[in-house]
Amino acid sequence: MLQQTTVATVKPRFRRFIERWPTVEALAAAPDEEVLSEWAGLGYYARARNLIACARQVAARGSFPSTEVELRKLPGLGAYTAAAVAAIVFGERAVVVDTNVARVVARYHGIGQTLHECFDEIRKLTGDMTPSERPGDFAQAMMDLGATICRPKQPDCAICPLSADCRAYASGAPEDFPATKKKLERPHRHGLAWWIERGGAIWLVRRPAKGMLGGMAALPGPEWGDEVPAGPSHAIVAHGFTHFTLDLYVTRRTEPVGDGWWQPIDRLAEAGLPTLYAKAAQAMLSRKEDLAA
Ligand code: SF4
């Protein structure tokens, strides 16, 4: 849950999730739709889909694998997570490199390229630094050092335990290491969503399992594209995804489309709409209130 999401946002959601599915077996047995609904609003829904698939694999084999190589085979576990679990939980001397660790290592060794350009070198250097004794504690210490002392801006070198041998510190400009990648402009896309309302309920559909917001509840509508949809719209919702921004044009329609269900408006919060569609629904409902006022 914490991937790309702040601790403050995750805290209450994590508690609720764990209360609802306290064991791997319970999560493995849960229907996809319920887990995805519980995840609604947290974004990056591939994480939820991977979590379900991972829980099912672990439940089927009876326990978590205990090595980095085997952990890496589970759905959703990338190089970093597999190494972190192997080191922290199972004490394996795995090389754990997240962004914080990479920054510390790049600065310590005075590497001035972007992390993207020198990641293999950083990984090798981190491997050289990783001890056989308590590799999990070492990994967590490095992560904490990067998060709290060797911060991206204004690193607190005066209290850093690595300062005596740190090349970036010795250069007098530690912030210059590593180089930062230029931010690329995100492309902009347009989408259309239909607001189909009848008898105090809204017609919702489930998005295809693969692709953006895969498996999530949604307002129906065609694929998003580069063109502004033709015709009038009743609300326009701006939303930012990691790789593009989107304007979603919401327009009324009378007949339901696709496989879906009628969701009572007074229970819309239970539908598990991701933020984009929750914003669209909010825009349409407040518009209705304005007209009624
Ligand atoms: S001395 Fe400064 S730049 Fe070097 S690792 Fe410590 S906090 Fe980072």
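Not measured: the values here are computed from a predicted model. (Residues numbered from 1 in each chain as written. Predicted model: local features only at pLDDT ≥ 70, side-chain atom pairs only at ≥ 80, totals over all residues. Heavy atoms only, no water.)

1. What about the packing of helix α7 (residues 99-108) against helix α8 (residues 119-129)?
(1) Moving on: Their axes nearest at 10 Å, the elements α7 and α8 cross at an angle of 85°. Considering the angle they form, α7 stands roughly perpendicular to α8. Together, V101, A102, V105, A106 and Y108 of α7 and I122, L125, T126 and M129 of α8 make up the contact between the two elements.
(2) Moving on: The residue makeup of the contact of α7 with α8, split by class, is eight nonpolar, one polar and no charged. (Axes fitted to C-alpha atoms, helices over the stretch in contact; angles between N-to-C directions. Helix = DSSP H or I, 4+ residues; strand = E, 2+ residues; numbered from the N terminus. Parallel < 35°, antiparallel > 145°, perpendicular 65-115°, else oblique. Contact = heavy atoms within 4.5 Å. Nonpolar A, V, L, I, M, F, W, Y, C, P; charged D, E, K, R; others polar.)

2. Quick notes on the site of the ligand
(1) Moving on: Every residue near the ligand is listed here: R107, I149, C150, P155, C157, C160, S163, C166, Y169 and P174.
(2) Moving on: Classifying every residue of the shell around the ligand by side-chain character gives eight nonpolar, one polar and one charged. (Near = heavy atom within 4 Å.)

3. Let's talk about the confidence of the model for the protein
(1) Moving on: Of all residues in the protein, 98% have pLDDT values of 70 or greater, and the mean over the chain is 94.
(2) Moving on: Considering each helix and strand of the protein separately, the mean pLDDT is smallest for helix α11 (residues 275-292), with a value of 86, and largest for helix α2 (residues 24-29), with 98. (pLDDT = per-residue confidence, 0-100.)

4. Digging into the side chain of D98
(1) Moving on: Tracing the backbone through its elements, the reader meets D98 in the loop between α6 (79-90) and α7.
(2) Moving on: The charged side chain of D98 is buried without a salt bridge, its nearest counter-charge being R103 at 7.4 Å.
(3) Moving on: A distance of 2.8 Å separates a polar atom in the side chain of D98 from the backbone nitrogen of V101.
(4) Moving on: Beyond its immediate stretch of four places on either side in the chain, D98 contacts Y80 and M143. (Buried < 20%, exposed > 50% of the residue type's maximum accessible area, 1.4 Å probe, protein only. Lys, Arg positive; Asp, Glu negative; His and termini not counted. Salt bridge = Lys/Arg side-chain N within 4 Å of Asp/Glu carboxyl O. Polar contact = N/O pair within 3.5 Å; in protein donor to acceptor, adjacent residues only side chain to side chain.)

5. Examining the packing of α7 against helix α9 (residues 135-149)
(1) Moving on: At their nearest, the axes of α7 and α9 sit 8 Å apart, and the two run at 80° to each other. Here α7 lies roughly perpendicular to α9, going by the angle between them. For the pair formed by α7 and α9, the contact residues are N100, V101, R103, V104 and V105 on the first element and A139, M142, M143, L145, G146 and A147 on the second.
(2) Moving on: Grouping the amino acids of the contact of α7 with α9 by side-chain chemistry returns eight nonpolar, two polar and one charged.

6. Some words on the sheet that holds strand β5 (residues 235-240)
(1) Moving on: Here we have three strands laid out as an open sheet, ordered β1-β6-β5, and mixed in their pairing. Two strands lie at the open edges of the sheet, namely β1 (188-195) and β5, each paired on one side alone. Strand-to-strand twist in this sheet, taken as the mean axis angle between neighbours without regard to direction, amounts to 25°.
(2) Moving on: With six bridges connecting them, β5 and strand β6 (residues 245-252) associate as antiparallel partners. Counterpart to I236 in the pairing with β6 is Y249. (Pairing = 2+ DSSP bridges.)

7. A few points about the pattern of salt bridges
(1) Moving on: Considering all chains together, one arrives at ten salt bridges under this definition.
(2) Moving on: D137 is the partner of R134 in a salt bridge, and the nearest nitrogen-oxygen pair spans 2.8 Å.
(3) Moving on: The exposure class of R134 is exposed, given its relative accessible area of 60%.
(4) Moving on: The structure contains a network of salt bridges with shared partners spanning R16, R20, E34 and E38.

8. Quick word on the nonpolar core
(1) Moving on: Ranked by internal contacts, the top residues of the largest apolar core, which has 41 residues, are L219, W224, L248, L276 and Y277.
(2) Moving on: Sort the elements by how many residues they give to this core and α11 lands first, with six residues.
(3) Moving on: Split by domain, this core shows at least three residues from each of two domains, domain 1 (1-63) and domain 3 (188-292).
(4) Moving on: Leave out the neighbours within four places in its chain, and Y277 touches A193, R207, L213, A217, A218, L219, W224 and L248.
(5) Moving on: With 32 residues, the next largest nonpolar core counts L71, V96, V97 and V105 among its residues. (Core = buried A, V, L, I, M, F, W, Y, C linked by side-chain atoms within 4.5 Å. Domains from an automatic or database assignment.)

9. Observations regarding the pairing of strand β3 (residues 201-206)
(1) Moving on: With five of six residues buried, β3 lies mostly within the body of the structure.
(2) Moving on: Summarising the sheet, strand β2 (residues 197-198) and β3 pair through two bridges and their orientation is antiparallel. Looking at β3, one finds that E197 is bridged to I202.
(3) Moving on: Between β2 and β3, which pair antiparallel one after the other, the connecting turn spans two residues, and G199 there sits at a positive phi close to 55°.
(4) Moving on: Looking at chain direction, β3 and strand β7 (residues 260-264) are connected through five bridges and run antiparallel. Residue pairing for β7: L204 is matched across the bridge by W261.
(5) Moving on: Bridge analysis of β3 against strand β4 (residues 217-218) gives two bridges, and the strand direction is antiparallel.

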